[in-house]
Amino acid sequence: MENTNVKKVGLVLEGGAMRGMYTAGILDTFLKLGVKADIAVGVSAGALFGVNYVSGQAGRVIRYNKKYNSDKNYMGPRPLLREGNIINTDYAYRRVPRELDPFDDKTYKKSPVEFYAVITNVATGLPEYVKITSVFDQMDTLRASGSMPLVSKPVKIGDNSYLDGALGDSIPYEWMMNKGTDKTIVILTQDINYLKKPANKFIANLFYKRKLPAVANAIIHRHEKYNRQTEKLKTLEAEGKAFVFRPSEPIKISKTERNPENLQYVYDLGVKDATARYKELCNYLEN
C-alpha cells in the first residue's frame, strides 16, 4: 500500500522485552501488505526488533527468538551471573546477527526509512533519540536501548553511559509528532486496560541511588509518565491524530519468555490484529 496522499508517516514502537513478539507480528504483516512508514522510532525491544522492518526481513524476529531464547547461555541467570547482563552480549549482539541468523545491514542502509532508537542517559535520566544508519556500526546503541535496569550493565557510548530507552520515554509519539509527521502509527505491547504499577522504590534506590540517582528517580516515577502517555494517546486516537495498535487480549508472557509456543502465540496475535485492522489503517492513512 503506497501512502501517496500523505507527506510523512511515522511509526512508533513500544518496548516490552518478549512482548515485542506482538510488534514483530504486526511489522511482518506490514511488510506483507505493503504498509510503509517514512520514519520510525523504537524503544528497547521496539528498536531491536523494529530494524528488521527496515531491512525487510519478515519472520526473522520470531525465528531467532524461538530458536535461541531457550539456550541458557543466551538469556537468563547464567549470563547475568557471568557478565552482569541477562542477555549474553556476544551471543545476542554479535553471533546471532552476524553469523547464526544474519541481519541484512546492506539492505537496511539502502532503505529510505529513517530509524531512531531511544536510549536513556544514566547521568541525567533523560532520553536521547539516535538515528541508526547502520545496525552493525551502532549495535551498542541498540543494545543500550534494550538494556533493562537491574539486570543489565550500562552501555558506554562515547563519553556517556546508557540504559533502557523506556526509562526516559516509553512511548515516544510526541517526539515523533514533533518531527512533522502527518500520520502517526503507534504499536503498543499492553492492552487497553493496562495500568502500570509503581516500581519497588526500595530496590531502585538500593541498586542506583548512590551512584546513579537519576536512574533510580526514572525507575520510581516511570509509571506516572507511562500512564499519562497512554491516557493522552487515547485522546489523540479519538481525535484521529494517531492510529494505535494494542493487543486485543492481555499478553501474559514473561519478559524473558523461553517457550517457543508462547512466543509464537503472541506473534500470531500481532498478525491477527494487524490483518483485522488493515482496512481501517488504510482509511486512516489515506484520508
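Here the structure is shown first, and the text comes after it.
Quick caveat: nothing in here was measured; it's all calculated off a predicted structure.

Draft legend 1. Spotlight on the packing of helix 1 (residues 20-33) against helix 11 (residues 260-276). Between helix 1 and helix 11, the least distance of the axes is 7 Å, while the angle of their chain directions is 45°. The pairing of helix 1 with helix 11 is recorded here as oblique in orientation. For the pair helix 1 and helix 11, the crossing hand works out as right-handed. Here Met21, Tyr22, Ala24, Gly25, Ile26, Asp28 and Thr29 of helix 1 lie close against helix 11, whose contacting residues are Leu263, Val266, Tyr267, Leu269, Gly270, Val271, Asp273, Ala274 and Thr275. Looking at the contact of helix 1 with helix 11 residue by residue, the class counts come to 10 nonpolar, 4 polar and 2 charged.

Draft legend 2. Fine view of unusual backbone geometry. You will see that Ser44, though not glycine, has its phi angle at about 55°, which is positive. Structurally, the position occupied by Ser44 is in the loop between strand 2 (39-43) and helix 2 (45-54). The backbone of Leu150 sits at a positive phi, close to 80°, despite the residue not being glycine. Within the secondary structure, Leu150 is located in the loop between helix 7 (139-145) and strand 5 (155-157). Owing to a relative accessible area of 36%, Leu150 belongs among the partly exposed residues under this scheme.

Draft legend 3. How the structure looks around the pattern of salt bridges. By the definition in use, this model includes 10 salt bridges. A salt bridge links Asp101 to Arg63; its shortest N-O distance comes to 2.8 Å. Separated by 38 residues along the polypeptide, Asp101 in the loop between helix 5 (89-100) and helix 6 (105-110) and Arg63 in helix 3 (residues 60-68) bring together distant segments of the chain. Of the residues examined, Arg63 reaches a relative accessible area of 43% and is grouped as partly exposed.

Draft legend 4. Representation of the side chain of Ser44. Judged by its relative accessible area of 7%, Ser44 falls in the buried class. Reaching out from Ser44, the side chain makes a polar contact with the side chain of Asp164 at a distance of 3.4 Å. With residues near it in sequence (within four places) discarded, Ser44 still touches Gly15, Ser145, Gly146 and Asp164.

Draft legend 5. Molecular detail of the nonpolar core. In this structure, Leu11, Phe30 and Phe245 are the most contacted members of the largest nonpolar core, which totals 53 residues. Among the elements that take part in this core, helix 2 stands out by supplying 7 residues, more than any other. In this structure Phe30 touches Leu11, Val35, Tyr53, Ile185, Ile187, Phe245 and Leu281, once residues within four positions along its chain are discounted.

What counts and what doesn't
Residues numbered from 1 in each chain as written. Predicted model: local features only at pLDDT ≥ 70, side-chain atom pairs only at ≥ 80, totals over all residues. Heavy atoms only, no water. Axes fitted to C-alpha atoms, helices over the stretch in contact; angles between N-to-C directions. Helix = DSSP H or I, 4+ residues; strand = E, 2+ residues; numbered from the N terminus. Parallel < 35°, antiparallel > 145°, perpendicular 65-115°, else oblique. Left-handed = near helix turned anticlockwise from the far one by under 90°. Contact = heavy atoms within 4.5 Å. Nonpolar A, V, L, I, M, F, W, Y, C, P; charged D, E, K, R; others polar. Buried < 20%, exposed > 50% of the residue type's maximum accessible area, 1.4 Å probe, protein only. Salt bridge = Lys/Arg side-chain N within 4 Å of Asp/Glu carboxyl O. Polar contact = N/O pair within 3.5 Å; in protein donor to acceptor, adjacent residues only side chain to side chain. Core = buried A, V, L, I, M, F, W, Y, C linked by side-chain atoms within 4.5 Å.

Nothing here speaks to function; it is all geometry.
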